[in-house]
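An overview of the molecular structure
Residue-level listing of the chains:
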Amino acid sequence: MDSTQERTFCKWLNTKLEANGYPPMHSLVQDLSDGVRLIQLMEIMGDTSLGRYNKNPRMRVQKAENVNKALEFIRQRGIKLTNIGPEGTLHNIIDGNLKLILGMIWTLVLRFTIADISEEGLSAKEGLLLWAQRKTAPYKEVDVQDFSISWSDGLALCALIHCHRPELLDYDKLDKSDRHGNTRLAFQVAADHLGVPQLLEVEDLCDSVRPDERSVMTYIASYFHAFSTMDQAETVSRRVEKFAELMQSVWTSKNDYERRARALLHALSEVQKKWSTSQFTGSYTDAKEQSATFTTYKHTTKRTWVTERQDVTTLLGNIQTKLRTYGLREYIPPPDLTLSDLDDAWSDLLQSEAKRSRAINAQIRQIKESLRKAFADLANDFSQRLHAISLNSRKLTYDEIDPARPSKEIQTRLPTLSEALTRVAKAEQDCVAANVEENDYTVFTCQDLEFELGLVAQSLTKKISFIDNQIVSRNMTNLTPAQLEQFESTFRYFDRDETNTLSLTETSAALASQGFVYSDEDTVYIYDQLLQDYGAVTFEAFINLLVDITEDQTSPEQLRESFRGIAGDKPFVTELDMRLAQLPVSAVDYLSEVIPSTKNEVGETEYDYETWLQDVFA
């Protein structure tokens with residue numbers, strides 16, 4: 001135990017030295033051997049001066065003088081150094097006899113720290129033990145019987161601190177099996193808040209089979225003096241102050257609980273009233289807005305309420321715990337503000353939430369179903385009307401057409417259908433906006449109907465154009481059937497955009513394909529004349545133009561002469577001949593398709609214009 005005592009006593013002496021501005025000692029044997037530190041300690045403990053002494057002794061005689069001065073002071077105070085004669089003590093200190101040095105220091109501890117302790121008539125060691133027993137008696141885990149193993153788990157130290165200063169540590173929450181942790185906590189709290197220096201190490205108490213009695217007693221004596229020096233008036237004042245603070249804290253917490261509980265209950269009630277009076281406008285936009293608002297509420301407002309409810313519950317629990325801790329009367333919240341009232345209100349909120357969610361979802365489903373049916377009705381009706389127009393256009397023949405109004409009645413239906421398609425598109429957009437992806441009431445989409453309308457309109461236009469052309473052909477009595485077929489095929493070939501009219505370039509190419517090649521100026525003149533007479537180069541205008549040309553200007557023989565001129569008097573013409581004659585490309589392409597052809601020995605195509613003209617003018 002000498003090492004424990006040496007360390008403990010060294011720390012005890014250092015508290016005296018450091019408190020008076022002296023540097024601490026590190027070794028009792030070395031630091032006391034020259035007598036300087038011993039004189040300093042005696043001056044501190046005796047609160048007096050020992051006079052002049054050798055502060056830097058180098059020789060043994062100087063050290064002996066210092067030690068002897070200190071020992072003389074001890075003897076004058078009536079302190080008897082047991083088993084140590086004056087001369088022997090002097091040399092034992094100079095020579096570093098640790099056992100005798102520890103005995104001397106223990107005598108000093110008893111004289112200056114423990115001797116003045118008194119408890120119910122008992123003094124010194126017995127008085128200190130009784131004081132510790134009385135202070136720790138209320139703590140069932142603590143049984144102080146000595147100054148050794150009774151202190152080895154740290155609980156007795158914690159009990160002493162809690163008994164005098166309960167606010168410094170929560171004894172009830174200590175892990176009673178954590179010997180090292182409890183001892184370490186007691187050391188730390190005592191050093192930080194009580195001014196009790198840590199004279200011992202945790203291992204000195206917890207890991208020793210029998211902790212050193214003198215070391216423990218020295219340390220426990222520090223607790224006694226720390227608590228005993230508390231001014232009684234200050235203690236009473238602090239207790240009243242702490243109690244007043246406690247009661248004010250409880251009062252504040254009660255008001256805070258009631259205010260927050262009342263506000264939470266009011267908020268829960270108000271939102272349920274708002275939901276109960278909420279109305280739907282019947283539009284998908286309104287239903288989605290209300291759904292988004294409800295979702296936002298759950299992610300923000302409700303989560304705030306969940307946190308507040310938990311905080312309010314915890315607050316009430318803290319109030320009750322604090323009151324029970326100090327043995328005060330339990331707090332009972334006012335009627336309608338109890339925890340059961342909060343629980344009931346929260347249950348009502350959850351039921352209202354479920355009802356609100358079902359109402360919104362039902363409204364959205366109903367709106368989507370209405371949008372499906374609305375679109376299906378428009379789409380199916382549009383399809384039926386389009387089908388009727390298509391059927392009527394198929395039955396149309398030129399024998400049934402009144403030349404005064406050729407198929408006008410069917411044509412007037414198409415703009416109406418376009419307007420109906422706009423309504424279908426609007427209904428489809430409403431479905432898309434509502435995320436309606438499936439529709440069991442129709443197989444059509446707006447895109448399908450738009451495509452079919454385009455086909456019917458195109459087919460009807462072609463049919464009407466064809467019939468109009470047939471009417472024109474029927475009235476052309478001055479042309480042979482072969483000529484009519486040739487002119488009609490030429491018109492259809494160059495009417496690339498299928499508008500039943502020819503543009504300026506198309507008109508020029510069509511005339512050239514028939515062998516009528518004009519200058520640009522003449523072509524423009526002819527085209528403008530046709531526009532003035534017919535409004536456009538229609539099939540009728542083109543046929544009448546060809547009739548005028550063939551009757552007034554062109555004969556089969558003239559065409560033969562023209563082709564011979566292009567062919568260079570050959571009985572056939574080549575593609576190169578036609579291109580050299582500067583015929584338009586479209587006219588060359590057309591003639592290459594309709595004129596009979598053969599290939600010569602070098603693979604060049606020869607077009608038999610003689611045979612073609614015979615067939616045309618037969």
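Described below are features of the structure shown in this document. (Residues numbered from 1 in each chain as written. Predicted model: local features only at pLDDT ≥ 70, side-chain atom pairs only at ≥ 80, totals over all residues. Heavy atoms only, no water.)

**Some thoughts on the overall build of the chain**
- Of regular secondary structure, the chain possesses 26 helices and six strands.
- Evaluated residue by residue, the chain yields a buried proportion of 41% over its 618 residues.
- Across the chain, the fraction of contacts at a sequence separation of at least 24, relative to all contacts at a separation of at least 6, is 66%.
- Summing over all exposed atoms, the chain offers an accessible surface of approximately 33800 Å²; the carbon and sulfur share of this is 49%. (Helix = DSSP H or I, 4+ residues; strand = E, 2+ residues; numbered from the N terminus. Buried < 20%, exposed > 50% of the residue type's maximum accessible area, 1.4 Å probe, protein only. Contact = heavy atoms within 4.5 Å. Areas by Shrake-Rupley, 256 points an atom, 1.4 Å probe, with all protein chains shown as cover.)

**Details of helix α9 (residues 179-194)**
- Taking 1.5 Å of rise per residue, the 16 residues of α9 would be expected to cover 22 Å, and the 21 Å separating its terminal C-alpha atoms lies within 8% of that figure.
- For α9, the complete set of buried residues consists of Gly181, Asn182, Thr183, Ala186, Phe187, Val189, Ala190 and Leu194.
- Buried residues in α9 make contact with α8 (155-164), α10 (202-206) and α11 (213-228). (Expected span 1.5 Å × (residues − 1).)

**Some details on the packing of helix α3 (residues 36-46) against helix α4 (residues 60-76)**
- Across the interface, α3 lies against α4 with an axial gap of 8 Å and an inter-helix angle of 25°. With respect to each other, α3 and α4 are oriented roughly parallel. In the packing of α3 onto α4, the handedness of the crossing is left-handed. Residues Val36, Leu38, Ile39, Met42 and Gly46 of α3 form the contact with α4, whose participating residues are Asn66, Lys69, Ala70, Phe73 and Ile74.
- Partitioned by chemical class, the residues of the contact of α3 with α4 number seven nonpolar, two polar and one charged. (Axes fitted to C-alpha atoms, helices over the stretch in contact; angles between N-to-C directions. Parallel < 35°, antiparallel > 145°, perpendicular 65-115°, else oblique. Left-handed = near helix turned anticlockwise from the far one by under 90°. Nonpolar A, V, L, I, M, F, W, Y, C, P; charged D, E, K, R; others polar.)

**Observations regarding the packing of aromatic side chains**
- One pass over the structure, following the stated rule, counts 19 aromatic pairs.
- For the ring pair Phe9 and Trp106, a centre distance of 6.2 Å and an interplane angle of 15° mean the geometry is stacked. Within this pair, whereas Phe9 is found in helix α1 (residues 2-19), its partner Trp106 is found in helix α6 (residues 98-114), the two being separated by 97 residues in sequence. When sorted by exposure, Phe9 lands in the same class as Trp106, which is buried.
- Pairing Trp275 with Tyr297 gives two aromatic rings, centres 5.1 Å apart and planes at 85°, and the pair type is edge-to-face. Taken together, the residues span a long stretch of sequence, with Trp275 in helix α12 (residues 232-277) and Tyr297 in helix α13 (residues 284-299) at a distance of 22 residues.
- Residue class for Tyr297 comes out buried when judged on its relative accessible area of 8%.
- Clustering of aromatic rings is evident, with ring pairs tying together Phe187, Tyr219, Tyr223 and Phe227.
- Over the aromatic face of Tyr171 sits the side chain of Lys176, whose NZ or CZ is 5.0 Å from the ring centroid.
- The aromatic ring of Tyr493 is capped on one face by Arg496, whose charged end is 4.6 Å from the ring centroid. (Phe/Tyr/Trp six-rings, centres within 6.5 Å; stacked < 30°, edge-to-face > 60°. Lys NZ or Arg CZ within 6 Å of the ring centre and 35° of its normal.)

**Here's the deal with the pattern of salt bridges**
- One pass over the structure, following the stated rule, counts 21 salt bridges.
- For Arg309, the salt bridge goes to Asp343, with nearest N and O atoms at 2.9 Å. Taken together, the positions of Arg309 in helix α14 (residues 301-325) and Asp343 in helix α15 (residues 339-395) put the pair 34 residues apart, joining distant regions of the chain.
- Owing to a relative accessible area of 24%, Arg309 belongs among the partly exposed residues under this scheme.
- For Asp343, a relative accessible area of 39% puts it in the partly exposed group.
- Here Glu561 ties to Arg564 by a salt bridge, and the two come within 2.8 Å at their closest N and O atoms. Placement of both Glu561 and Arg564 in helix α23 (residues 556-567) is noted, with a separation of three residues, approximately one turn of the helix. (Salt bridge = Lys/Arg side-chain N within 4 Å of Asp/Glu carboxyl O.)

**A few points about unusual backbone geometry**
- In the Ramachandran plot, Asp47 falls in the positive-phi region, its phi being about 50° despite a non-glycine side chain.
- Among the secondary structure elements, Asp47 is positioned in the loop between α3 and α4.
- In this structure Asp47 comes out as exposed when scored by relative accessible area, which is 72%.
- Phi is positive for Asp336, which is not a glycine, with a value near 75°.
- Locating Asp336 in the fold gives a position in the loop between α14 and α15.

**Quick word on α11**
- When the terminal C-alpha atoms of α11 are compared, their 22 Å separation across 16 residues agrees well with the 22 Å that a helix rising 1.5 Å per residue should span.
- For α11, the complete set of buried residues consists of Ser215, Val216, Met217, Thr218, Tyr219, Ile220, Ala221, Ser222, Tyr223, Phe224, Ala226 and Phe227.

**Some points on the nonpolar core**
- Core analysis: the largest hydrophobic core is formed by 76 residues, its most contacted members being Leu28, Met42, Ile105, Trp151, Tyr219 and Tyr223.
- The leading source of residues in this core is α11, at nine residues.
- Those residues in contact with Trp151 that sit more than four places away from it in its chain are Ala132, Val144, Asp146, Ala156, Leu157, Leu160, Leu205, Val216 and Ile220.
- Tyr297, Ile319, Leu323 and Phe382 belong to the second-largest nonpolar core, a separate cluster that totals 46 residues. (Core = buried A, V, L, I, M, F, W, Y, C linked by side-chain atoms within 4.5 Å.)

**Quick word on the environment of Ala567**
- Relative to the helices and strands, Ala567 resides in helix α23.
- It is 9.1 Å that separates the C-alpha atoms of Ala567 and Ala581, two residues lying 14 residues apart in sequence.
- Look past the residues within four positions of Ala567 in its chain and what remains in contact with it is Phe572, Val573, Asp577 and Tyr609.

**Observations concerning the environment of Glu450**
- With respect to the element layout, Glu450 can be found in helix α18 (residues 446-475).
- Taking the relative accessible area as the measure of exposure, Glu450 reaches 48% and is therefore partly exposed.
- Note: C-alpha distance between Glu450 and Leu417 (33 residues apart in sequence) is 10.0 Å.

**Here we look at the side chain of Ser253**
- Within the secondary structure, Ser253 is located in helix α12.
- According to the relative accessible area criterion, Ser253 is buried, its value standing at 17%.
- If sequence neighbours within four positions are ignored, Ser253 has contacts with Leu315 and Ile319.

So yeah, pure geometry; function would need other evidence.
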